[in-house]
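# Analysis of the macromolecular model
Next come the chains, spelled out residue by residue.
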Amino acid sequence: MTMSMTKLLKEGPKVVNIGVEQFYADLKTQKAEAVSMDWKPSAAGGDLLARLKKLRKGGN
Amino acid sequence: MGPRTFLAGTLPPVHVGKRLLFDLRDVPAIYAPRLSPGRMNPRWIGLVSEWRDFLTDDLAVLKGPAERGAWKELTGLGPGSTPAGDDFLSGLASGMLWQGKTVPFHPDPGLTSWLSGDMLRDACEGGIWCRAKCLLEALASDEPKAVTKSAGSIADWGHTSGRAWLAGLSEALCRERDG
Amino acid sequence: MPSSHQRIEIVRRTYYDSVTLMLVAKELLKDGSLSVASLSMGTEANYKIMGSGGFDLTGVDATPNDLIIAVKTGAPEAEREDVLTAALAKAKEYLANPPGRKADSGGDYRPKSLDGALSVLPDANLALISVAGRYAGDVAMDCIEKGLNVMLYSDNVPVEKEVEIKKAAAEKGLLVMGPDCGTIIIRGVAMGMANACPPGPVSIVAAAGTGLQEVHVQLARRGVGVLHGIGTGGRDVRREVGGIMCLQAVNALLADDEVELLIVLGKPPAPEVEQKILQAVKAGKKPAVLGFIGGEAKGDSGGVFICRELEETAAVAAALAKGGDGARARENLFREYEALRQRAETIGKRKGFLRGLYSGGTLCYEGQLIARDILGPIRSNTPLDKKMKLEDSLRSEQHSMVDYGEDEFTQGRLHPMIDVSLRAERIYEEAKDQEVGVILFDVVLGYGCNDNPAAGLAEGIRKARSAAGDRIVFVASICGVDSDPQNASEQCRILEELGVHVCDSNARAARLAAMILEG
């Protein structure tokens, strides 16, 4: 049940930063693995690109 | 095709319209603008797909023609000192040639500025600029740092040129997948 | 009729994060043509703040989804129109191209989609989300669908959304930390606003950001490290959410062989949740300390220590982690607290009111609990007793403590741990009140926080001193360590040079402040 959570606790954080850029900078200072997103809200909210792809593939 | 850009230390005072002749025989060439074929590592498809979304805001005027594949309409269209539509077409051309495919349009330099027309023609003939070459090499690799660095250097290029070029590349690399 | 010194423009239905707004405002002020530049979303609180900052907002009808650009100039009448027009144009240009942005990530491309981000970091296991609350919930759901644990720093996420997210995550065995979770430590890596303390045998589950920070720091000062500090957000342990994540985290840490001692921290949870926590902890067979701040004095329960204050929790846990006597540690601590009376006498007792100005919610809460025992009821924007709610959070009454981290101050604005200017200004305002005897404040350090909060607050303190002379005693606590980017000792030095009495913990600072005004 808690495998994914345990993985996080054992491996350490590998982070997708969505929002304040300073948090990404702080992760890099601590030599953690991270990628920072350039996030903007879209009309549909959330990840519009992914939602559209889902729709195109005809599934949900 | 000879070198298209060189670094000049100083220039004599000139008037607009004056022709200047430069002898570049002894100037060392540091970059060979020839595109070699390659393959995108499928890992990057999610990232490359994003670049189609660059056709918004100041580049929104390109979106309709791009979606319809109306390549001729894009020539000379859009903002920028080299019109963004030409940048898009250059990216598309380079992306297709890289994959060993044919460029889906014939460039018509007469429809745009002389500089932009030259750039477009070069791209269709298999020429590629340095940053773009770095990006294609990175996209063939498994190196995230190389990809984000080279993509960033192009996205920041000019006001609109870089983003438009990436959108064109994205079109070339993604279109087959969508069927 | 003279032309106006100010110009206000509204940009409707737009979104800019607070950092961008701050960068743009800073840039506008650079050329010196403006006396004030303010960009903020049209929330009620921002109206008030802009009003007290000298803007006339009559007729301005912005909503929280609208951006208010307000500029003011001291230029001579003939130039005003042009200066203000140019400023507004520049503001809009900067908003499209925020200055200083490119420098941040060194020009590296930042993915715009989750798929793009995961192509760059396919092994990602955690999403750190700090976008505006109204979007954050959906972003979190997307991340959970991709199998990522989530740290939801954002607040203002509706409770229904929170429950939806946590249920979805629980089904996949994923952790959702938040909403309103500002501090996380995983394997000693600090995320959000958190301190640079060494890892060690203790792990913490906290429903409280600055509570976690204070305990983390107090443990480090006692030579004990923390491996994981998992925040659950303040709402998790209430009945509507039922402590889903708190219990998940507690169970995971109890089962983890790297964790030797567990701390569970927060305001007292709903009774049924508290029961579940106690049960889990007792079954876990590991030493545990429950820090239910401001809870009833129930006493310890079958090997599980129950504390009511933050430093107390850390002191007891530190003793246990070193194989010592937790109860003895607690007694010693309270003896030290009593000795603060001596310090109060030495400083010199004062008459008048206590004004606490906090950036940390849990610290403000703890401060009120402690001060109330000594001085009686305390008013606040986040009072212990509903009847003690301040009518206007910008106007103190009698003994008051204000939490600047509360929603009204943070919607569309930078958090007070990042932007200290509001509190610095308030320090000066309080000093002008003849009836104020003590001003108490916290200085929270660590990643994600202002890079020199003491210097920022010092400005307010200096102005306060010139207004009030020696009438007011300043008391502070620093939640931080020397290895923090700001360096706690250095911050302490800056404050002490201004005559601020710096204490080793929030509990001590609140006690000292109250004792100075006592009886």
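Residues numbered from 1 in each chain as written. Chains lettered and ligands numbered in written order. Predicted model: local features only at pLDDT ≥ 70, side-chain atom pairs only at ≥ 80, totals over all residues.

## Some remarks on the overall build of chain C
Selection criterion: A run of H or I in DSSP becomes a helix once it reaches four residues, and a run of E becomes a strand once it reaches two; helices and strands are each numbered from the N terminus. The globule rule is 2.2 Å times the number of residues to the power 0.38, and the radius of gyration it is compared with is taken over C-alpha atoms. Counting other C-beta atoms within 10 Å of a residue's own tells you its class, since 20 or more makes it buried, 12 or fewer makes it exposed, and anything in between is partly exposed; those C-beta atoms are placed from the backbone. Whether two residues are in contact depends on their C-beta atoms, placed from the backbone: they are in contact if these lie within 7 Å.
What chain C contains, in helices and strands, is 18 helices and 19 strands. Against the compact-globule benchmark of 24 Å for 519 residues, chain C has a radius of gyration of 24 Å, which places it among compact chains. On the principal axes, the C-alpha backbone points of chain C span a range of 80 × 65 × 40 Å. Burial analysis of chain C (519 residues in total) assigns 55% to the buried set. For chain C, the proportion of contacts with a sequence separation of at least 24, taken over those separated by at least 6, is 69%.

## A short note on the domain arrangement of chain C
Residues and elements named next belong to chain C. Basically, it comes down to this: The domain boundaries here were taken from an automatic or database domain assignment. Charged residues are taken to be Asp, Glu, Lys and Arg, nonpolar residues to be Ala, Val, Leu, Ile, Met, Phe, Trp, Tyr, Cys and Pro, and polar residues to be all remaining types, Gly included.
Segmentation of chain C into domains returns domain 1 (6-103), domain 2 (114-332) and domain 3 (348-517). Just the C-alpha atoms count here: the centres of domain 1 and domain 3 sit 28 Å apart. Broken down by secondary-structure element, the contributors of at least two residues to the side of domain 1 that touches domain 3 are helix H1 (18-29), strand S2 (36-41) and helix H2 (44-52). The element that contributes the greatest number of residues to the side of domain 1 that touches domain 3 is H2, accounting for four residues. Considered class by class, the residues forming the side of domain 1 that touches domain 3 number five nonpolar, five polar and one charged.

## Quick notes on the pairing of strand S18 (residues 473-479) of chain C
On a regular strand, one side chain projects to one face of the sheet and the next to the other, so that they alternate. Residue and element names in this part refer to chain C. Let me state the cut-off plainly: Strand pairing is assigned whenever DSSP detects at least two bridges linking the two strands. The handedness of a crossover follows from its direction of travel: if, with the strands pointing away from the viewer, the path from the first strand over the helix to the second runs clockwise, the crossover is right-handed.
Of all seven residues in S18, seven are buried, a share of seventy percent or more. As defined by bridge partners, strand S17 (residues 436-444) adjoins S18 across seven bridges and the pair is classed as parallel. By the bridge assignment, Leu 440 is partnered in S18 with Val 475. Sheet topology places S18 next to strand S19 (residues 501-503); three bridges connect them, and they run parallel. Bridging from a neighbouring strand, Ser 477 pairs with Cys 503 of S19. Once you follow S18 into helix H17 (residues 488-497) and on to S19, the crossover reads as right-handed.

## A word on the environment of Ile 478 of chain C
For Ile 478 of chain C, the location among the structural elements is in strand S18. In contact with Ile 478 of chain C, not counting residues within four places along its chain, are Val 443, Leu 445, Ala 488, Gln 491, Cys 492 and Val 502 of chain C.

## Section: the sheet that holds strand S3 (residues 67-72) of chain C
All names here are of chain C. Under the convention used in this document: Note on geometry: axes are C-alpha line fits, over the in-contact stretch for helices, and angles between N-to-C directions span 0 to 180 degrees.
Pairing within the open sheet is antiparallel, and its three strands lie in the order S1-S3-S2. The sheet is open, and its two borders are formed by strand S1 (6-11) and S2, each paired with just one other strand. Mean inter-strand twist for the sheet, computed between neighbouring axes without regard to direction, equals 10°. With six bridges connecting them, S1 and S3 associate as antiparallel partners.

## A short note on the interface of chain C and chain A
Across the boundary between the two partners, chain C contributes 47 residues, which contact 39 residues of chain A. Mapped by element, the contributors of at least two residues to the side of chain C that touches chain A are helix H5 (114-120), strand S4 (126-129), helix H6 (133-145), strand S8 (189-192) and helix H9 (244-254) of chain C. At five residues, H6 of chain C tops the list of elements feeding residues into the side of chain C that touches chain A. Tallied by class, the residues present in the side of chain C that touches chain A amount to 25 nonpolar, eleven polar and eleven charged. Direction of pairing for strand S1 (residues 14-18) of chain A relative to S4 of chain C: parallel, over a ladder of four bridges. Across the sheet, the residue bridging to Ile 18 of chain A is Ile 129 of chain C, located in S4 of chain C.

## Focus on the sheet that holds strand S5 (residues 149-152) of chain C
Strand order in this open sheet of five strands is S2(A)-S1(A)-S4(C)-S5(C)-S6(C), and the pairing throughout is parallel. Two strands in the sheet have a free side with no partner beyond their single neighbour: strand S2 (33-37) of chain A together with strand S6 (176-177) of chain C. Two elements, S5 of chain C and S6 of chain C, share two bridges in a ladder whose sense is parallel. Across the sheet, the residue bridging to Val 150 of chain C is Val 176 of chain C, located in S6 of chain C. Seen against the sheet, helix H2 (residues 21-29) of chain A touches S1 and S2 of chain A together with S4 of chain C and runs at an angle of roughly 160° to S2 of chain A.

## Brief notes about unusual backbone geometry
A cis amide bond links Gly 178 of chain C to the next residue, Pro 179 of chain C, at an omega of 0°. Inspection of the secondary structure puts Pro 179 of chain C in the loop between S6 and strand S7 (183-186). In this structure, Asp 57 of chain B is a non-glycine residue whose phi angle is positive, near 50°. Assignment of secondary structure puts Asp 57 of chain B in the loop between helix H1 (45-50) and helix H2 (63-68). The class of Asp 57 of chain B is exposed, set by 9 C-beta atoms lying within 10 Å. Phi angles above zero are rare outside glycine, and Asp 180 of chain C is one such case at about 65°. By the secondary structure assignment, Asp 180 of chain C is in the loop between S6 and S7.

## Re helix H4 (residues 84-98) of chain B
What counts, and what does not: By definition here, a helix of n residues has an expected span of 1.5 Å times n minus one.
Compared with the 21 Å implied by 1.5 Å per residue over 15 residues, the 21 Å span of H4 of chain B between its first and last C-alpha is a close match. Most of H4 of chain B sits out of view: 15 of its 15 residues are buried.

## Overview of the nonpolar core
Side chains that are nonpolar tend, in soluble globular proteins, to be buried together. Residue and element names in this part refer to chain C. Under the convention used in this document: Joining buried Ala, Val, Leu, Ile, Met, Phe, Trp, Tyr and Cys residues through C-beta atoms within 7 Å gives a set, and that set is a nonpolar core.
One finds Ile 129, Val 150, Met 151, Leu 152, Ala 317 and Ala 513 to be the most contacted residues of the largest nonpolar core, which totals 212 residues. Counting only domains with at least three residues in this core, you end up with domain 2 (114-332) and domain 3 (348-517). If we skip the residues at most four places from it in the chain, Met 151 touches Leu 126, Leu 128, Ile 129, Met 177, Gly 178, Cys 181, Ile 184, Met 191 and Gly 192. Counting residues in hydrophobic clusters, the runner-up holds 22 residues, among them Leu 28, Ala 62, Leu 67 and Tyr 94.

## So, the packing of helix H6 (residues 130-140) of chain B against helix H7 (residues 144-155) of chain B
Residues and elements named next belong to chain B. Basically, it comes down to this: Just so you know how the angles are binned, under 35 degrees is roughly parallel, over 145 roughly antiparallel, 65 to 115 roughly perpendicular, and the rest oblique. Two helices cross in a left-handed way if the nearer one is turned anticlockwise from the farther one by less than a right angle. They cross in a right-handed way if the turn is clockwise.
As a packed pair, H6 and H7 sit with axes 9 Å apart at the nearest point and diverge in direction by 150°. In this view, H6 runs roughly antiparallel relative to H7, as classed from their interaxial angle. Where H6 crosses over H7, the two elements pack in a sense that is left-handed. Contact residues: Arg 131, Ala 132, Cys 134, Leu 135, Ala 138 and Leu 139 in H6; Ala 146, Val 147, Ser 150, Ala 151, Ser 153 and Ile 154 in H7. A per-class count over the contact of H6 with H7 returns nine nonpolar, two polar and one charged.

## Here's the deal with H17 of chain C
Residue and element names in this part refer to chain C. What counts, and what does not: Summarising the geometry, the arc corresponds to the directions from the helix axis toward the C-beta atoms.
For H17, the full list of buried residues reads Ala 488, Gln 491, Cys 492 and Leu 495. What you see down the axis of H17 is that its buried residues fit within an arc of 100°, all on one side. Seen from the open side of H17, the exposed residues pointing more than 90 degrees away from its buried face are Ser 489, Arg 493 and Glu 497. Where H17 is buried, its residues meet S17, helix H16 (453-468), S18 and S19. With its phi angle positive at about 85°, Gly 499 sits one or two positions after the end of H17.

## Observations concerning the pairing of S3 of chain C
All names here are of chain C. Of all six residues that make up S3, six are buried, and the element is covered over most of its length. Here S2 runs beside S3; their pairing, made up of six bridges, is antiparallel. Following the sheet pairing, Met 41 is matched in S3 by Leu 67.

## Concerning the packing of helix H12 (residues 326-347) of chain C against helix H18 (residues 506-517) of chain C
All names here are of chain C. Contact pair H12 / H18: the axes reach a minimum separation of 9 Å and the direction vectors enclose 50°. Between H12 and H18, the angle falls in the class oblique. For the crossing formed where H12 meets H18, the hand is right-handed. Of H18, the residues touching H12 (which contributes Tyr 337, Leu 340, Arg 341, Arg 343, Ala 344 and Ile 347) are Arg 508, Arg 511, Leu 512, Met 515 and Ile 516. In the contact of H12 with H18, the residues fall into seven nonpolar, no polar and four charged.

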